[in-house]
Amino acid sequence: MSNTNKSLLVQGYEVVIGFETHAQLATQSKIFSRAPIAFGAEPNTQACAVDLALPGTLPVMNKGAVELAIRLGLALGSHIAEQSVFARKNYFYPDLPKGYQISQFEIPVVQGGEVSFFLGDEKKTVRLVRAHLEEDAGKSLHEDFIGQSGIDLNRAGTPLLEIVTEPDMRSSAEAVAYAKELHKIVTWIGICDGNMQEGSFRCDANVSVRKPGAPLGTRREIKNLNSFKFMQQAIDYEIRWQIEEIEDGRAIQQATVLFDPDTGETRAMRTKEDAADYRYFPDPDLPPLVIARDWVEQVRAGMPELPRQMAERLVREYGLPEYDATTLTQSPAMAAYFEAAAKASGSPKLVSNWIMGEVSRRLNADEGDMASVPVSAAQLAALIGRIADGTVSNNAAKQVFDALWTGEGSEVDAIIEAKGLKQMNDAGALEKIIDEVMAANADNVAQFRAGKEKAFNALVGQVMKASKGKANPQQVNDVLRQKLQ
């Protein structure tokens, strides 16, 4: 199902975007050898004879990598091929010792499928063409050597799953939302750690523009986008650049381009090769990959609940708005935290508000994640219980939360007691304060009775001040209105 929504036009042009994403698979060893794949090791210490393509070596398929590919196929509703084929993709590059990369071409392991996500309130669906297994190349290092390049083959043979979409996206915002959703899925199902800085999740965006209804324009591929922020900037720049070229009467040439974050511009690296340039042919050293149906069913049985399914369940079981449910399923840790606090407190919407508000705000400020939240779900539930039963006001609750977060205290009731944050629930004491405030603010009383609502808010403020913030705001409103009338 492709997007049927009306496309956004940029200067009268329709934008067309497709993605190729390389997700590094979370195996212990490489795709065709037993060499380790830990990040950050000394150059060339994690490459064995197979990775170096020494004569007489043969690749052997890593079963764990195949299983992770099956997991992705199941998560995205794809067809998992019962038989797929490895091919040699021939090209010369100094960090590719064999002179070819082992990949999949005509028959990939994962075929079709889709990724659905929300862009604002609108549901979007991007169709997938395929996801295929392949090995990574090594890395050329140019900065550390004067007039020379160093070759580090630690990455050579690292297992990758390349996930390719149809050209279904129509704006940079939609492309980034797709990339974020895919990132969420691969980390959620545990097939990739998603670390973009280390190159575990790298995106290439194919961008073209056309007049509405015209055939697809010539695409340029922006390589190795490793942050969502740069992704948006790169695509936006490329769209503007292509439109300007066409408006100036120049034709777009198919090319591979790089984004420079310092200048905010893309620049052509090479004219883009087509499949024929790579002279693909089946790898004679690897037999076809055969996947039995019962293996697929075994993997399916061990799959976690997927984020989209969980969001639908949160709406159904806890009565949450769809926006809340989608936000709370950003990670398994956040979803689990919400469920634990919601069950313990019996106030799911209030829990949701606090997680999306106070908890997220503080995590962003501390650059932390849900695994590092210092306030447990049980503590948050206890605090929300005290808001719900009127023991503390929302403002006082924030002070309690602050004490829990900084480790100043661990018991909600003890913090409320120690800080004197209990709301005043003594009706007699409150009436006395209201009488005193009305007597001292006769002008405001007269203004309110003359129909000025602002005067009422001023009186509420005075009552809250006189009660040192301990009066229940709702009770103040009710009693004050009663007395004024």
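Since this is a predicted model, take the numbers as computed values, not measurements.

**Regarding the nonpolar core**
A general trend in soluble globular proteins is that nonpolar side chains are found buried together.
Part 1 of the reasoning: Counting residues in hydrophobic clusters, the biggest one holds 105 residues, and the most contacted among them are Phe-19, Leu-133, Tyr-178, Ile-235 and Leu-380.
Part 2 of the reasoning: If you tally residues by element for this core, the top one is helix 2 (residues 172-188), at 9 residues.
Part 3 of the reasoning: Non-local contacts of Ile-235, meaning those with residues more than four positions away in its chain, are made with Ile-17, Phe-19, Ser-172, Ala-175, Ala-205, Val-207 and Ile-222.
Part 4 of the reasoning: Counting residues in hydrophobic clusters, the runner-up holds 17 residues, among them Ile-434, Val-437, Val-463 and Leu-484.

**So, helix 2**
Part 1 of the reasoning: Counted at 1.5 Å a residue, the expected span for helix 2 with its 17 residues is 24 Å, and the 24 Å between its end C-alpha atoms agrees.
Part 2 of the reasoning: Here helix 2 lies mainly inside the structure; 14 of its 17 residues are buried.
Part 3 of the reasoning: Following helix 2 by one or two positions, Gly-190 adopts a phi angle in the positive range, close to 75 degrees.

**Side note on the environment of Ile-146**
Part 1 of the reasoning: Structurally, Ile-146 is set in the loop between strand 10 (139-141) and strand 11 (150-152).
Part 2 of the reasoning: The spatial distance from the C-alpha of Ile-146 to the C-alpha of Ala-333 is 47 Å, given a sequence separation of 187 residues.

**Examining the sheet that holds strand 6 (residues 100-103)**
Part 1 of the reasoning: Read from one edge of the open sheet, 3 strands run 6-5-17, paired in antiparallel fashion. Single-partner strands in this sheet number two, and they are strand 6 and strand 17 (281-282).
Part 2 of the reasoning: Two elements, strand 5 (residues 87-90) and strand 6, share 4 bridges in a ladder whose sense is antiparallel. Directly across from Ala-87, in strand 6, lies its bridge partner Ser-103.

**Quick notes on the packing of aromatic side chains**
Remark: the centre distance and the inter-plane angle together describe each pair of aromatic rings, the angle taken between the planes.
Part 1 of the reasoning: Evaluated as defined, the whole model comprises 9 aromatic pairs.
Part 2 of the reasoning: On the numbers, 6.0 Å between centres and 70 degrees between planes, the contact of Tyr-278 with Tyr-280 is edge-to-face.
Part 3 of the reasoning: On the basis of relative accessible area, Tyr-280 is assigned to the partly exposed category, the value being 23%.
Part 4 of the reasoning: Taken together, Tyr-91, Phe-105, Tyr-278 and Tyr-280 form an aromatic cluster joined through their ring pairs.

**Structural notes on helix 15 (residues 473-484)**
Part 1 of the reasoning: Relative to the 16 Å expected for 12 residues at 1.5 Å per residue, helix 15 spans 16 Å between its end C-alpha atoms, a close match to the ideal helical length.
Part 2 of the reasoning: Along helix 15, the positions that sit buried rather than exposed are Val-476, Val-479, Leu-480 and Leu-484. Looking straight down helix 15, one finds its buried side chains confined to an arc of 130 degrees; they lie on one side.

**Section: the packing of helix 14 (residues 453-466) against helix 15**
Part 1 of the reasoning: It is at 10 Å that the axes of helix 14 and helix 15 come closest, and there the two elements cross at 125 degrees. One way to sum up the angle between helix 14 and helix 15 is to call them oblique. Between helix 14 and helix 15 lies a crossing of right-handed hand. Of helix 15, the residues touching helix 14 (which contributes Glu-453, Phe-456, Leu-459, Val-460, Val-463 and Met-464) are Pro-473, Val-476, Asn-477, Leu-480, Arg-481 and Leu-484.
Part 2 of the reasoning: Residue composition of the contact of helix 14 with helix 15, by class: 9 nonpolar, 1 polar and 2 charged.

Parameters and conventions
- Residues numbered from 1 in each chain as written.
- Predicted model: local features only at pLDDT ≥ 70, side-chain atom pairs only at ≥ 80, totals over all residues.
- Heavy atoms only, no water.
- Core = buried A, V, L, I, M, F, W, Y, C linked by side-chain atoms within 4.5 Å.
- Buried < 20%, exposed > 50% of the residue type's maximum accessible area, 1.4 Å probe, protein only.
- Helix = DSSP H or I, 4+ residues; strand = E, 2+ residues; numbered from the N terminus.
- Contact = heavy atoms within 4.5 Å.
- Expected span 1.5 Å × (residues − 1).
- Pairing = 2+ DSSP bridges.
- Phe/Tyr/Trp six-rings, centres within 6.5 Å; stacked < 30°, edge-to-face > 60°.
- Arc of directions from axis to C-beta.
- Axes fitted to C-alpha atoms, helices over the stretch in contact; angles between N-to-C directions.
- Parallel < 35°, antiparallel > 145°, perpendicular 65-115°, else oblique.
- Left-handed = near helix turned anticlockwise from the far one by under 90°.
- Nonpolar A, V, L, I, M, F, W, Y, C, P; charged D, E, K, R; others polar.

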